[in-house]
Amino acid sequence: MRSISLFPFLFFILSVNGQEDFLAKQYFNDGEYKKAIVFYENLVTDNPRRTDYVENLIACYQQLERYHSADSLLQRMVGMGNPFPPFFVELGYNQTLQGKVENARLYYNRALYKIEETPNFGYSVGLRFQKYVLLDEALQAFSRAMELNPQLDYNFYMARIYGEQGNVEKMYQSYLTLVQKGKTSKSNI
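Residues numbered from 1 in each chain as written. Predicted model: local features only at pLDDT ≥ 70, side-chain atom pairs only at ≥ 80, totals over all residues. Heavy atoms only, no water.

Asker: Teacher, can you tell me more about the packing of aromatic side chains here?
Answerer: Within a pair of aromatic rings, the relevant descriptors are the distance that separates the centres and the angle that separates the planes. Under the counting rule described, the total for this entry stands at 14 aromatic pairs. Here Tyr93 and Tyr132 contribute two aromatic rings whose centre-to-centre distance is 3.8 Å and whose plane-to-plane angle is 10 degrees, an arrangement assigned as stacked. In this pair, Tyr93 sits in helix 5 (residues 86-97) while Tyr132 sits in the loop between helix 7 (122-131) and helix 8 (135-148), placing the two residues 39 residues apart along the sequence. Of the residues examined, Tyr93 reaches a relative accessible area of 24% and is grouped as partly exposed. Clustering of aromatic rings is evident, with ring pairs tying together Tyr123, Phe142, Tyr154, Phe156, Tyr157 and Tyr175. (Phe/Tyr/Trp six-rings, centres within 6.5 Å; stacked < 30°, edge-to-face > 60°. Helix = DSSP H or I, 4+ residues; strand = E, 2+ residues; numbered from the N terminus. Buried < 20%, exposed > 50% of the residue type's maximum accessible area, 1.4 Å probe, protein only.)

Right, here's the structure in full:
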């Protein structure tokens, strides 16, 4: 009998959490960052390991120039056991937005160092660098991860970055490496 009465309560809790998620995303996509912050703060409190919630809350803070709020949230996230390495890139970018370029470089280096420990983080760290147009750092992340773990292949991402940089020769080289290794077809390239 108790389990039957527990079911509606759990259903109610799940629907409320889903509604908060929907409203947070809606406000975020509409550019209403102050309203989105209210929901994302609750979602991050309830789900601190959901990186999408944390990332969107950080983006809201940055859009409203609340850099110290973003900084304290990120510091809390990297202070947890086994931090998500792209958060170091986020910390660095947040420092850059405040004009603290030297501090940013320290965090970028910490993100790159995490690849030394776990090469599979090369993908997420490289993409995060690419998101903020830190192309040299993205190339460094991808190439170092591939050096440490030869089974990884980020040549497709590297080719795109080389193209963005205007380095056509290295772009073609990366695409040719993909074809030679049989990782993709010529038509995809």
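Asker: Explanation requested: helix 10 (residues 168-181) in the structure shown.
Answerer: For an α-helix the count is 3.6 residues per turn, leaving residues at separations of three or four pointing the same way. Counted at 1.5 Å a residue, the expected span for helix 10 with its 14 residues is 20 Å, and the 20 Å between its end C-alpha atoms agrees. Those residues of helix 10 that fall on the buried side of the exposure criterion are Met171, Ser174, Tyr175 and Leu178. Seen from one end, helix 10 has its buried residues packed into an arc of 95 degrees, which puts them on one side. Opposite the buried face of helix 10, at more than 90 degrees from it, the exposed residues are Glu169, Leu176 and Gln180. Contacts from the buried residues of helix 10 go to helix 9 (155-165). Backbone geometry just after helix 10 places Gly182 at a positive phi near 75 degrees. (Expected span 1.5 Å × (residues − 1). Arc of directions from axis to C-beta. Contact = heavy atoms within 4.5 Å.)

Asker: I tried to follow the nonpolar core on my own but got confused; where do I start?
Answerer: In a soluble, globular protein the nonpolar side chains are often hidden away together inside. Counting residues in each nonpolar core, the largest one holds 49 residues, and the members touching the most others are Tyr40, Val54, Leu57, Leu73, Val89, Val125 and Phe129. It is helix 8 that contributes the most residues to this core, seven residues altogether. Beyond its immediate chain neighbours, meaning those up to four positions away, Leu73 contacts Val44, Val54, Leu57, Ile58 and Tyr61. (Core = buried A, V, L, I, M, F, W, Y, C linked by side-chain atoms within 4.5 Å.)

Asker: Just checking my understanding: could you explain helix 8 for this structure?
Answerer: The terminal C-alpha atoms of helix 8, which comprises 14 residues, lie 20 Å apart, in line with the 20 Å expected from a rise of 1.5 Å per residue. Burial in helix 8 covers these residues: Leu135, Glu137, Ala138, Leu139, Ala141, Phe142, Ala145 and Met146.

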